[in-house]
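Chain by chain, the residues:
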Amino acid sequence: MSTQPQQPIRFYRHPLSGHCHRVQLLLSMLQLPYEVIEVDLAHGEHKSPAFLKLNPFGLLPVIDDGGTVVADSAAILVYLNQRYGSTRYLPESPAGQAAVQRWLAIAAGPLTAGPATARIANVFGKPLDRQQAILSAHELFKVIEGWLTERDFLAADHETLADIALYAYVAHAPEGDISLEPYPHIRAWLNRIEALPGFVPMQRTAVGLAA
């Protein structure tokens, strides 16, 4: 397994996307060279014929690693780890891998339906059920808060893809009018991730409680 790509990885993203930030975070933590290609969502660039050749679903993020094109944030995280990473971010044991995959499913399900949707409604002005998303977010955060009372990270005794996948939409939940004040263990977990070598923040917006 090569530890570095032969050329910079082409990284198609939008700077306000938490799904894209997951990929950027792992790229940085793995110290991989990459080239950012900003995709103009407002003008529908993600639905252009050129982009649809990369991802027929018209969704970000996408990477092109020397001709290997991978779409979907979770798929990209697994690919980068398996191609350039180590067992730190995705353990080799069946139990360890299952623990991480469980949280990747949470990231694709409740996290997206809750805090991500509330934030999208505020930041992008999408006509979504914001109040239901806020309620769903608090239900999720109550579970995560309880989970973190006895551990520092989500799936192991150190950071894994699970933490990388959940970080952005939890950290930026206030942009969807979701306060993190009731969740001290979640806030401590966010601080631990932000203190990791290679951490890069996601661009913040002046909306919601974050304003």
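That block above? That's the structure.
Residues numbered from 1 in each chain as written. Predicted model: local features only at pLDDT ≥ 70, side-chain atom pairs only at ≥ 80, totals over all residues. Heavy atoms only, no water.

**Q** Would you mind showing me how to read the pattern of salt bridges here?
**A** It is possible for side chains bearing opposite charge to pair when their charged atoms get close. Going through the model one piece at a time under the given rule, you end up with seven salt bridges. Across the pair Arg119 and Glu175 runs a salt bridge whose closest N-O atoms are separated by 2.8 Å. Of this pair, Arg119 sits in helix α5 (residues 110–123) while Glu175 sits in the loop between α7 (161–171) and α8 (184–194); the two residues are 56 residues apart in sequence, bridging distant segments of the chain. Notably, a salt bridge pairs Asp152 with Arg192, separated by 3.8 Å at the nearest N-O pair. Linking Asp152 in the loop between α6 (130–147) and α7 with Arg192 in helix α8, this pair joins segments that are 40 residues apart in sequence. Overall, Asp152 belongs to the partly exposed group, its relative accessible area being 44%. Judged by its relative accessible area of 26%, Arg192 is partly exposed. (Salt bridge = Lys/Arg side-chain N within 4 Å of Asp/Glu carboxyl O. Helix = DSSP H or I, 4+ residues; strand = E, 2+ residues; numbered from the N terminus. Buried < 20%, exposed > 50% of the residue type's maximum accessible area, 1.4 Å probe, protein only.)

**Q** So what exactly am I meant to see when it comes to helix α1 (residues 18–29) here?
**A** With twelve residues, α1 should cover 16 Å at 1.5 Å per step; its first-to-last C-alpha distance of 16 Å lies within 8% of that length. The element α1 is extensively covered by neighbouring structure, given that eleven of its twelve residues are classed as buried. When we look at burial in α1, the residues that qualify are Gly18, Cys20, His21, Arg22, Val23, Gln24, Leu25, Leu26, Leu27, Ser28 and Met29. Between a side-chain oxygen at the N-terminus of α1 and the backbone nitrogen of His19 the separation is 3.3 Å; the capping residue is Ser17. (Expected span 1.5 Å × (residues − 1). Polar contact = N/O pair within 3.5 Å; in protein donor to acceptor, adjacent residues only side chain to side chain.)

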